[in-house]
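Chain residues, written in single-letter form:
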Amino acid sequence: MSKPIKKSGSTSKPISNQNTARAAQASASANLLMPNQFEGGFWKKWWIPALIVFSLSFIVYWQSLPYEYILDDQMVITNNSYTKDSSLMDGISNILSHESFQGYFGEQKDLVTGSRYRPLSIITFAIEYHMFGLNPKVGHFGNILLYGLMGLLLLRIFQLIVPSSDDKRWYWSIPFIATVLFMLHPIHSEVVANIKGRDEIMSLLGALTALYLSLRYLKDQKRTWLIGSGIVFFLALMSKENALTFLLVIPVTMWFFTKAGRGTILKTCMPLIAATFVYLLIRYQVIGYLINSGKPSTLLMNDPFLGMNFIQKYSTIFYTLLLYIKLLFFPHPLTHDYYPYQIPKMHLGDWQVLLSLAVHAFLVFVMFKNWKTKKVISYILAFYFLTLSITSNIFLPVGTFMNERFVFASSVASSLFIAYLCINWLPQFLNKNQALGRILGIALVAIFAVGFTYKSFDRIPAWKNTMSLNRAAIKVSKNSARANSFMSTSLFEEYRVETDPAKQQQLLALAEPYMRRALEIVPDYNDALTMKAGIAAEKYKFHHNLDSLLTEFQEVLFYMPGQNYIKQYLDYLNKNQSNASKLVPFYISTAKMMQTKLAKLDYAMMYLDMGRQVDPNNTQIAALMSDLNAKLNPQKTPQQGPPSGQQNSDGTIIFE
């Protein structure tokens, strides 16, 4: 275990008062920081490590520049009407005044708890669109640049709170090593290589800037820094609500690394509190609520805990928390898809859950045990727990079991932990043989740096295009219905542009098993069901087996009674009288299924009516329709028809 943070002397000393003339001069304004730490000479002394850190962003992610728009890019860029509004100012106005995905769906869907209000990153996409058109290279360059700037800011903050006393040995200092490990971490590939991930970058960049400006205010009490901290914190919140966690991270940092009293810390945090209040007020005015819309989610892909009891839910959550720790230190394998049921339903007796509970109980114990003595380990753990809290699913559901981008901010803590372990704690632990401790520290840093670099270069190409991402995901997320469905969809899209009949059949044959696997995992998954209908219809063009087609259609209709594409295809089949002998029994059978198994009387009537169009004189259809009419309220105003088929939640496929 580490020793308490020293107030002066060693490389682990925090920012503190020193016996200098500057400290005496500033005593009236509570000069709480090391005076030299905010002098302009930092960048002059540390320009080489700063250049290395900034360059790492481009060295690691330069390969992503030619990559395409993928995944959620369509929701915020390519298919977002506000981003692509003919008037930039009108587009920005709409982005600011509507829920973040309304420009994509055309209405506020409230698909996940709390909905989404993250306008700032979308505004940057709108500006890029009006300046450069749909050019993903510009978006990727923007992410790489912002990531590099974040590295510089993180280096500066680390040098403030855990400074190196030897500027000449910056290459073996905690601030430099921790920042380099952060920049190289492969778990960041989703945030940087996926253009939509800019909201994560901007949110953390703004939150860290607010932290820096708050520390600056403690140094010289200038209101400029205080006002600035509130402004950038508001911008961080407007980028993504994850920045809310820094409302606690910032005062905790001041408590650990300064001599500020509670009153001073509270005063310094007032602009952050004001910014949070303004953000929440705007968010409420735009979305109409803060957290709960009152509409329970019924889609498993938006609430993966559907069907779980309390014990199962929190057992599963603690299992994911254990995976987060593992990925922060051993980031393999990586995937963007942790949807049901790549993360399985867990139970309290599962060994992974018990291990996670034990690990987290130990970490909480260590954090509080060393809290009063202000040991760095306590700060690292506090930073980790606070930044992860908002995406952990413990307090608020986030729409998926877990995601690698959810620990983007938390990886600041893990990077600092590794640096401290290698540079400070190992030599202290091997007190009688500090040389061996330094050698072990160097070896560990090398292992992490090389491993992170290799994995980053291995992972980033997955984000090249939709097919490459889906191929990478299906290798890892074999038990995800979403990953299997997306892979099937990608192959089907290739089928649609292929002109060679032989290759078309090959692509359909490749797409079908993924679709069926998705339905094995989640039988009522709408996207996979829609894909099942599409594949069945396209296969019919080759084998002309109407019985097989209708069987597939009926299996889909059991879960999606009003599937619009199937109805359209049946209308097409109805035009060919040679199909009547097989269509009529299909319509009768489907109507009975709707009535007896699903209690969908309106749909039952619809399919009987479609059968009557094929065979107007069929007595069995007439009798069934008469029976249905008797069951329906004759006084009720006739409906305009059953609802249309459901649109894919992610827009992955539209059948024409």
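What counts, and where the lines are drawn
- Residues numbered from 1 in each chain as written.
- Predicted model: local features only at pLDDT ≥ 70, side-chain atom pairs only at ≥ 80, totals over all residues.
- Heavy atoms only, no water.
- Helix = DSSP H or I, 4+ residues; strand = E, 2+ residues; numbered from the N terminus.
- Buried < 20%, exposed > 50% of the residue type's maximum accessible area, 1.4 Å probe, protein only.
- Contact = heavy atoms within 4.5 Å.
- Areas by Shrake-Rupley, 256 points an atom, 1.4 Å probe, with all protein chains shown as cover.
- Salt bridge = Lys/Arg side-chain N within 4 Å of Asp/Glu carboxyl O.
- 1 Å grid on protein atoms, 1.4 Å probe; cavity = no way out; pocket = protein on both sides within 12 Å on 5 of 7 lines; lining within 4 Å.
- Points joined across faces, edges and corners; volume = space filled by probe spheres on them.
- Phe/Tyr/Trp six-rings, centres within 6.5 Å; stacked < 30°, edge-to-face > 60°.
- Lys NZ or Arg CZ within 6 Å of the ring centre and 35° of its normal.
- Patch = residues over 30% accessible without salt bridge, like charges linked within 9 Å, V, L, I, M, F, W, Y side chains within 5 Å.
- Axes fitted to C-alpha atoms, helices over the stretch in contact; angles between N-to-C directions.
- Parallel < 35°, antiparallel > 145°, perpendicular 65-115°, else oblique.
- Left-handed = near helix turned anticlockwise from the far one by under 90°.
- Nonpolar A, V, L, I, M, F, W, Y, C, P; charged D, E, K, R; others polar.
- pLDDT = per-residue confidence, 0-100.
- Expected span 1.5 Å × (residues − 1).
- Core = buried A, V, L, I, M, F, W, Y, C linked by side-chain atoms within 4.5 Å.

1. Remarks on the overall build of the protein
Reasoning step 1: In terms of regular secondary structure, the protein is built from 28 helices and zero strands.
Reasoning step 2: Summarising its shape, the C-alpha atoms of the protein cover approximately 105 × 50 × 50 Å along the three principal directions.
Reasoning step 3: A total of 656 residues make up the protein; the buried ones form 56% of that total.
Reasoning step 4: If you take every contact in the protein between residues at least 6 apart in sequence, the share linking residues at least 24 apart comes to 74%.
Reasoning step 5: With an accessible surface of roughly 28600 Å², the protein has 60% of that area assigned to carbon and sulfur atoms.

2. Looking at the pattern of salt bridges
Reasoning step 1: The full count for this structure, using the stated rule, is 21 salt bridges.
Reasoning step 2: Residue arginine 482 pairs with aspartate 337 through a salt bridge whose shortest N-O separation is 3.4 Å. Of the two residues, arginine 482 is situated in helix α21 (residues 481-497) and aspartate 337 in the loop between α15 (310-329) and α16 (351-369); the sequence distance between them amounts to 145 residues.
Reasoning step 3: Relative accessible area serves as the criterion here: at 10%, arginine 482 is assigned to the buried category.
Reasoning step 4: Residue arginine 517 pairs with glutamate 520 through a salt bridge whose shortest N-O separation is 3.2 Å. Taken together, the residues span about one helical turn, with arginine 517 and glutamate 520 both in helix α22 (residues 501-521) at a distance of three residues.
Reasoning step 5: The exposure class assigned to glutamate 520 is exposed, which follows from its relative accessible area of 55%.
Reasoning step 6: Here the residues in one salt-bridge network are Glu512, Arg516, Lys532, Lys539, Glu552 and Glu555, joined through shared partners.

3. Quick word on unusual backbone geometry
Reasoning step 1: A cis amide bond, omega -10°, links histidine 332 with the succeeding residue proline 333.
Reasoning step 2: Looking at the element boundaries, proline 333 is found in the loop between α15 and α16.
Reasoning step 3: Cis geometry marks the peptide bond from proline 340 to tyrosine 341; its omega dihedral reads -5°.
Reasoning step 4: Here asparagine 393, not a glycine, exhibits a phi torsion of approximately 75°, which is positive.
Reasoning step 5: We note that histidine 544 has phi near 55°; this positive angle belongs to a residue other than glycine.

4. Quick look at empty space enclosed by the protein
Reasoning step 1: Counted according to the given criterion, the structure contains seven cavities of 30 Å³ or more.
Reasoning step 2: Here the largest cavity defines a volume of roughly 120 Å³.
Reasoning step 3: Every residue lining the largest cavity is counted, 15 residues in all, and those nearest its centre are Glu200, Ser203, Leu204, Asn242 and Ala409.
Reasoning step 4: With four residues, the top contributor of residues to the lining of the largest cavity is helix α11 (residues 198-220).

5. Section: the packing of aromatic side chains
Reasoning step 1: The tally for this structure, following the rule as stated, stands at 36 aromatic pairs.
Reasoning step 2: For the pair phenylalanine 246 and phenylalanine 383, a centre-to-centre distance of 5.8 Å together with 90° between the ring planes defines the contact as edge-to-face. With phenylalanine 246 in helix α13 (residues 246-257) and phenylalanine 383 in helix α17 (residues 376-389), this pair connects stretches of sequence that are 137 residues apart. In this structure, phenylalanine 246 and phenylalanine 383 share a single accessibility class: buried.
Reasoning step 3: Seen in terms of ring centroids, phenylalanine 492 and tyrosine 495 are 5.4 Å apart; in terms of plane orientation they differ by 40°. Their pairing is tilted. In this pair, phenylalanine 492 and tyrosine 495 both sit in helix α21, three residues apart, roughly one turn of the helix.
Reasoning step 4: Taking the relative accessible area as the measure of exposure, phenylalanine 492 reaches 1% and is therefore buried.
Reasoning step 5: A relative accessible area of 5% means that tyrosine 495 is categorised as buried.
Reasoning step 6: Residue placement shows arginine 156 over the ring face of phenylalanine 42; its charged tip is 4.2 Å from the ring centre.
Reasoning step 7: When the ring centre of phenylalanine 305 is taken as origin, the NZ or CZ atom of lysine 313, which lies over that ring, is 5.6 Å away.

6. Brief notes about a nonpolar patch on the surface
Reasoning step 1: A surface patch of nonpolar side chains, amounting to about 490 Å² of accessible area, comprises Tyr284, Leu290, Ile291, Phe395 and Leu396.
Reasoning step 2: With respect to the element layout, isoleucine 291 can be found in the loop between α14 (262-287) and α15.

7. What about the packing of helix α9 (residues 174-184) against helix α19 (residues 434-459)?
Two quantities define a packed helix pair, namely the angle between the helix axes and the distance between the axes.
Reasoning step 1: It is at 9 Å that the axes of α9 and α19 come closest, and there the two elements cross at 25°. In terms of orientation, α9 lies roughly parallel with respect to α19. The chirality of how α9 crosses α19 is left-handed. Residue-level contacts link Ile177, Leu181 and Leu184 of α9 to Val445, Phe448, Ala449, Phe452, Thr453 and Ser456 of α19.
Reasoning step 2: Considering only residue class, the contact of α9 with α19 consists of seven nonpolar, two polar and no charged.

8. With respect to the confidence of the model for the protein
Reasoning step 1: Confidence along the protein averages 90 in pLDDT terms, with 90% of residues attaining 70 or more.
Reasoning step 2: Counted against residues more than four places away or in other chains, residues 1-13, with its pLDDT under 50, gives 45 contacts.
Reasoning step 3: Confidence drops under a pLDDT of 50 for residues 637-656, and excluding neighbours within four residues, the segment shows 40 contacts in the predicted structure.

9. Things to note about helix α23 (residues 526-543)
Reasoning step 1: Between its first and last C-alpha atoms α23 spans 25 Å; for 18 residues at 1.5 Å apiece the expected length is 26 Å, and the two agree.
Reasoning step 2: Burial analysis of α23 places 14 of its 18 residues in the buried class, the great majority of the element.
Reasoning step 3: Trailing α23 by a residue or two, histidine 544 shows a phi angle of about 55°, which is positive.

10. A word on the packing of α23 against helix α25 (residues 564-574)
Reasoning step 1: At their nearest, the axes of α23 and α25 sit 10 Å apart, and the two run at 25° to each other. Here α23 is positioned roughly parallel relative to α25, judged by the angle of their axes. Classified by chirality, the crossing of α25 by α23 is left-handed. Counted together, Ala533, Gly534, Ala537, Glu538 and Tyr540 of α23 and Tyr565, Ile566, Tyr569 and Leu573 of α25 form the full contact between these two elements.

11. Observations regarding the environment of isoleucine 273
Reasoning step 1: Looking at where isoleucine 273 falls in the secondary structure, it is placed in helix α14.
Reasoning step 2: As for isoleucine 273 and phenylalanine 234, which are separated by 39 residues in sequence, their C-alpha atoms are 9.6 Å apart.

12. Some thoughts on the nonpolar core
Reasoning step 1: Grouped together as the largest cluster of nonpolar side chains are 190 residues, with contacts concentrated most on Phe553 and Leu570.
Reasoning step 2: Among the elements that line this core, the one with the most residues is α11, at 12 residues.
Reasoning step 3: If you look at the next biggest cluster of nonpolar residues, it comprises 15 residues, including Tyr69, Ile77, Tyr104 and Ile123.

13. What to know about the side chain of asparagine 579
Reasoning step 1: With respect to the element layout, asparagine 579 can be found in the loop between α25 and α26 (580-597).
Reasoning step 2: For asparagine 579, the residues in contact, after removing those within four places along its chain, are Tyr540, Leu546 and Leu573.

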